[in-house]
Amino acid sequence: MAFQGSEGLEEQIEELEDTLRVSPAEEMPVDGPPAVEEPLLLPWDRFSSWLHCICVVGFDLELGQAVEVIYPHHSKLTEKEKTSICYLSFPDSNSGCLGDTQFCFRFRQAAGRKSSLGCFLDHFDRDAPVCLKRDQGYYYGYVYFRQVRDKSLKRGYFQKSLVLISKLPYVTFFHSLLKLIAPEYFEKQEPCLEAACNDIDRWPTPCPGKILTLPIMGVVMKLRIPTCYDKPGTSQLVQSAPSDSLVSIVLPTVHEVDLFRCFHPVFFHIQMLWELVLLGEALVVMAPSPAESSDTVLALVSCISPLRYCSDFRPYFTIHDSEFKEYTTRTQAPPSVILGVTNPFFAKTLQHWPHIIRIGDMKQAGEMAKQMKVKKLKNLKTLDSKPGVYTAYKPFLNKDEDIIKQLQKGVQQKRPSAAQNAILRRYFLELTQSFIIPLERYVASLMPLQKSISPWKSPPQLRPFNQEEFMKTLEKAGPQLTSRLKGDWIGLYRQFLRSPNFDGWFRNRRKEMMQKLEALHLEALCEEDLQLRIQKHTEVETVDLVLKLKEKLTQAEKDQLPVKTGTLPKLQAHIESIILSLPEDLQGILHKPPSP
């Protein structure tokens, strides 16, 4: 393997934990994030915390694809959103998907729309890992498409899709849910949808860290949504309990796809693909069906976990998409986006794209992939071209032969697919962590010293990120501490620092660190003897102090600052005590204390 054993990596991660984790992890109970008190929820609020709506898309001979039903009926979709859902819910005609097919897509949310549950759902996002946070400007569509011969219909085929529209990227969970709902719906029609929606509206909200038991259509699903406090690369298995006699399905993961199955056709190039995704390069996946296209795009996006992929990605993209012109224009360089396509037209339209992955039929994954060489882009004429990676890209890092041999050996020995998937997932995780630890260490050094925090001055500022200063740290504290991979690491970092993934990562880290400084400032304020302080103040200055403290308290609650337990109640008590020291008329204006 390319690493000095996971022990070395784990030591590095543990060494960084105190300085890097600026979220409230230190205050977290052993068994997960702090308990969340659910507010009283209105009808359909619980449903809305999981799904925006459920759509039925059918095929009309005169109109083409059309949204036949939206449930619940009060759910709102703009005409543009409905059009996107219509075209993305059906495979291209060349895919030849007979029977039942499942896939997913992602599309832009109409501008200006706000969720009525926004603040409430943000609360759950706080504890979710970065890769599972809600997509602010996008919806996911999870599709169960059925196409069967039916001589009674003019077209000779029954074609219909049941689609779940959600902000949540829980692909494994929603596909499992559709396997329960869709066959029943195709048999019993709309009453079945109504029953399913009513079941979902009785579910607990999707709170990270909790074991959730979800009854649906007479079946019970059990799962756990990961948290940002979980150790990367580990999954807390949902155990069956004696009281689980009614549980039919236990999901080991809500979001992970089978990496080995997805990368099998091109697994000689997995390390290069990791670099391309890390750097936010324009990538297109050409596949024979939407299922293979969407799984491969999701696998690419997840291969840099625990880093969040910050550019746009479309697991299934069609020529009818509203962004088609924007993404296929030749007048400018291709954007930082990963597209999954199945229409042969794209082989011509996207010929100018720098990196193209051609995926064959994944059903043949038992055989060994033969394509070892990267192919030249000019050799890609049609979607019938052989599977492989078509690019002129030269990787920064030397190829890791060990992982290839390990996976090849697994195929020869008929190692279970789950084991191959685990090996590959661990490989990507260690590669990403080796890359990101030096950045984390440097960014942690930008934090001011705690002793520089004064309760009576504004919190100190972070030092700015200096690229050359960071590069100098790599000599002694670079990825060579945890990875045996050789190559141009410096070149890879320089390219990464110009990418959307670095920008997104650094913005998030900066926000966390600023919040940590605010939290430390609040804690310092709480340790002060404020009563002694106000004795030297005029009445006007005291009122000004109360208003500022109240503003800080409100902001801290709104931003959910990572303060020590008891800090906010202590600050509230300070405010109460200062108000009580003021004349009665001012007390009434500022805050009338509750009667004893």
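Whatever comes next refers back to the structure up there.
Counting starts from 1 at the beginning of each chain's written sequence and moves along it residue by residue. Two thresholds apply to this predicted model, a pLDDT of at least 70 for residue-level local features and 80 or more for giving and counting side-chain atom pairs, whereas whole-chain, interface and lining totals are computed over all residues. Only hydrogens and water are set aside when side-chain values are computed; all heavy atoms of the structure are taken into account.

### Considerations on the side chain of Gln 515
Checked against the element boundaries, Gln 515 lands in helix H16 (residues 500–526). Working rule for contacts: check all heavy atoms of both residues, and any pair within 4.5 Å makes them a contact. In contact with Gln 515, not counting residues within four places along its chain, are Asp 559, Leu 561 and Pro 562. Starting at the N terminus, helices and strands are each numbered in turn, a helix being any DSSP run of H or I of at least four residues and a strand any DSSP run of E of at least two.

### Let's talk about the packing of helix H14 (residues 467–477) against helix H15 (residues 489–496)
A fitted line through C-alpha atoms represents every axis, and for helices the fit uses only the stretch in contact; the resulting angles, taken between N-to-C directions, go from 0 to 180 degrees. Contact geometry for H14 and H15: axes closest at 11 Å, N-to-C directions at 150°. Classified by the angle their axes make, H14 and H15 are roughly antiparallel. Seen from above, H14 lies across H15 with right-handed handedness. Where H14 approaches H15, its residues Gln 467, Glu 468, Phe 470, Met 471 and Leu 474 are matched on the opposing element by Ile 490, Tyr 493 and Arg 494. Should an angle fall under 35 degrees it is called roughly parallel, over 145 degrees roughly antiparallel, and 65 to 115 degrees roughly perpendicular, with every other angle called oblique. Crossings are assigned a handedness: left-handed for a near helix turned anticlockwise from the far helix by less than a right angle, right-handed for a clockwise turn.

### A word on the nonpolar core
Working definition of a nonpolar core: buried Ala, Val, Leu, Ile, Met, Phe, Trp, Tyr and Cys residues. They are joined through side-chain atoms within 4.5 Å. When accessible area is computed with a 1.4 Å probe and restricted to protein chains, residues below 20% of their type maximum are described as buried, those above 50% as exposed, and intermediate ones as partly exposed. In this structure, Trp 50, Phe 173, Leu 177, Phe 263, Trp 274 and Leu 439 are the most contacted members of the largest nonpolar core, which totals 110 residues. Marked domain ranges trace back to an automatic or database domain assignment. When we break this core down by domain, the ones giving at least three residues each are domain 1 (45–193) and domain 2 (264–506). Core analysis: the next-biggest nonpolar cluster, separate from the first, contains 22 residues, Leu 545, Leu 549, Ala 556 and Ile 579 among them.

### Concerning the environment of Pro 438
Looking at the element boundaries, Pro 438 is found in helix H13 (residues 417–444). We classify Pro 438 as buried; its relative accessible area is 3%. Residues Pro 438 and Met 471, spaced 33 residues apart in sequence, show a C-alpha to C-alpha distance of 9.6 Å. Discounting chain neighbours no more than four positions away, the residues touching Pro 438 are Phe 470, Leu 474, Ala 477, Gly 478, Pro 479 and Tyr 493.

### A look at the pairing of strand E7 (residues 219–224)
Regular strands have side chains that alternate between both faces of the sheet. Across the 6 residues of E7, 6 count as buried, placing the element largely inside the fold. In E7, alternate side chains face the same way, and those of Val 219, Met 221 and Leu 223 on one face and Val 220, Lys 222 and Arg 224 on the other are all buried. With 6 bridges joining them, strand E6 (residues 211–216) and E7 adopt antiparallel strand pairing. Bridge assignment links Thr 213 to a residue of E7, and that residue is Lys 222. Two strands make a pair as long as DSSP finds a minimum of two bridges between them. Connecting the antiparallel pair E6 and E7 is a turn made up of 2 residues, with Met 217 showing a positive phi of about 50°.

### Describing the sheet that holds strand E9 (residues 283–286)
Read from one edge of the open sheet, 5 strands run E10-E11-E9-E12-E13, paired in mixed fashion. Here the strands that pair on one side only, and so sit at the sheet edges, are strand E10 (312–314) and strand E13 (388–391). Strand after strand, the sheet turns through a mean of 15° between neighbouring axes, direction not considered. Docked against the sheet, helix H8 (residues 270–278) engages E9, strand E11 (337–341), strand E12 (355–358) and E13, running at close to 50° with respect to E13. Contacts from helix H9 (residues 290–302) reach E9, E10, E11 and E12 within the one sheet, and its direction differs from that of E11 by about 160°.

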